[in-house]
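The lines below spell out each chain.
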Amino acid sequence: MPEIHQARRALARQRVAELGADAALITKGANVRYLTGLVSSNAAVLLPADGAAVLATDSRYEGTAKRDCGDVELVVERLVEPALARLAIARGMLALAFEAYEMTVERHAGLAELDGGPLLLRPLGQAVEELRMVKDDAEIDLLARACAITSEALERVLSRIRPGVTERELAIDLERAMVDLGADKPAFDTIVASGPNGAIPHHAPGPRAFEAGDLVTVDCGARFGGYHADMTRTVAIGRVATWQRDIYQLVADAQAAGIAAAMADALVADVDDAARELIAEAGHKEHFSHGLGHGVGLEIHEAPFLGPRKAGTLRDRVPITIEPGIYLPGTGGVRIEDTLVVGAGQGAAGSARSLTTMTRELLVL
Ligand code: ZN
Ligand code: ZN
């Protein structure tokens with residue numbers, strides 16, 4: 001779909017011009033993909049403020065680039081960044097904005113020393129990430145598909161959450177189910193945290209076998225067409241203790257409050273606060289140690305980030321996760337996470353629409 005990529009490049013060019021740079025050197029893989037459609041582990045884009053983009057990649061990706069990105073000038077070189085920087089110099093574009101947060105000191109020094117320079121290197125900031133926040137229809141469709149696969153895959157393996165099965169076995173079964181259902185691959189390393197391990201938000205699944213009376217937290221997502229789903233469910237095995245039901249209900253209420261607050265123009269800090277306040281009022285302030293959620297798209301964690309001290313507002317068509325949790329050290333924990341799209345018309349009264357569809361009721365297996 002070259003038109004989509006052309007439209008994205010036109011918006012990005014405006015940002016380059018606003019910065020007063022002659023061109024931007026785009027080196028982050030997800031941003032190169034967003035602007036050109038090329039999926040490559042070694043590619044960069046030279047984006048002039050006024051003029052056509054140039055894509056550089058090495059010979060392994062030449063055929064794919066010619067097939068998928070026929071609308072951009074192509075340079076085939078192994079060292080993509082110096083190749084594009086030399087081209088910028090040759091074309092008189094010396095003021096070059098670059099993605100400072102991902103450029104290494106060594107690569108930067110290499111660019112600064114090129115013959116014909118010096119290049120006037122200045123940070124681009126996260127201009128392309130900001131463009132990527134608001135998704136178009138095609139992106140939302142891909143994300144919805146990723147989320148549907150995720151929900152169905154977890155439902156398929158629920159019967160495996162029983163005493164004797166290990167965290168690692170469940171994680172592998174779940175990742176297999178996602179791929180069987182059409183995922184490119186898992187969007188990230190699946191988290192399965194059972195019993196006391198549930199107190200560790202990003203526990204790596206290990207040899208612990210499930211036991212009756214456990215809460216089991218499963219955080220998983222499928223990647224589809226490059227787009228990342230993210231969902232967490234906590235389930236119980238056999239029976240539910242009062243403390244388990246209490247924190248589950250609290251997390252579910254906090255998530256509902258966060259979702260209700262996640263409207264276009266809401267401050268991200270206020271959305272976080274809507275959920276966090278409920279947990280704090282119940283005496284668990286220190287047991288909810290991470291942010292409320294994050295954007296998803298071509299990366300599993302991308303702008304916007306929802307947290308107490310984060311700046312910014314939500315907008316229509318921005319996919320986010322809402323994922324409060326309570327973690328009791330040495331005892332266990334609960335997290336409930338959905339991927340949603342913010343936007344008037346997406347859900348009731350302009351609230352966010354959930355793309356992950358699995359029930360949020362506490363399942364006792
Ligand atoms: Zn997650
Ligand atoms: Zn997440």
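Residues numbered from 1 in each chain as written. Chains lettered and ligands numbered in written order. Predicted model: local features only at pLDDT ≥ 70, side-chain atom pairs only at ≥ 80, totals over all residues. Heavy atoms only, no water.

A closer look at the domain arrangement of the protein
1) Next: For the protein, the assigned domains are domain 1 (2-131) and domain 2 (134-354).
2) Next: The straight-line distance from the C-alpha centre of domain 1 to that of domain 2 is 34 Å.
3) Next: At the interface, eight residues of domain 1 touch nine residues of domain 2.
4) Next: Buried surface at the junction of domain 1 and domain 2, summed over both partners, amounts to about 670 Å²; 47% is from carbon and sulfur atoms.
5) Next: The three residues of domain 1 that bury the most area against domain 2 are Ala30, Arg33 and Tyr34, which together make up 47% of that side's buried surface.
6) Next: For Arg8, the salt bridge is made with Glu139, and the minimal N-O distance between the two is 3.8 Å. (Domains from an automatic or database assignment. Contact = heavy atoms within 4.5 Å. Buried area = accessible area lost by both parts, 1.4 Å probe. Salt bridge = Lys/Arg side-chain N within 4 Å of Asp/Glu carboxyl O.)

Let's talk about the sheet that holds strand E4 (residues 73-76)
1) Next: Read from one edge to the other, the open sheet built from six strands follows the order E4-E3-E2-E1-E5-E6, with strand pairing classed as mixed. One side of each edge strand has no neighbouring strand; the edge strands of this open sheet are E4 and strand E6 (120-123). Taken over all neighbouring pairs, the strand axes of this sheet differ in orientation by 25 degrees on average, direction set aside.
2) Next: Of the pairings in the sheet, the one linking strand E3 (residues 54-57) to E4 comprises four bridges and is parallel in character. Within E4, the position partnered with Val54 by the bridge is Glu73.
3) Next: Those strands touched by helix H2 (residues 29-36) are strand E1 (23-26), strand E2 (43-48) and E3, and its axis lies near 60 degrees from that of E2.
4) Next: Each of E1, E2, E3, E4 and strand E5 (95-98) is contacted by helix H4 (residues 80-90), which is oriented at about 20 degrees to E2, the strand it contacts most. (Pairing = 2+ DSSP bridges. Helix = DSSP H or I, 4+ residues; strand = E, 2+ residues; numbered from the N terminus. Axes fitted to C-alpha atoms, helices over the stretch in contact; angles between N-to-C directions.)

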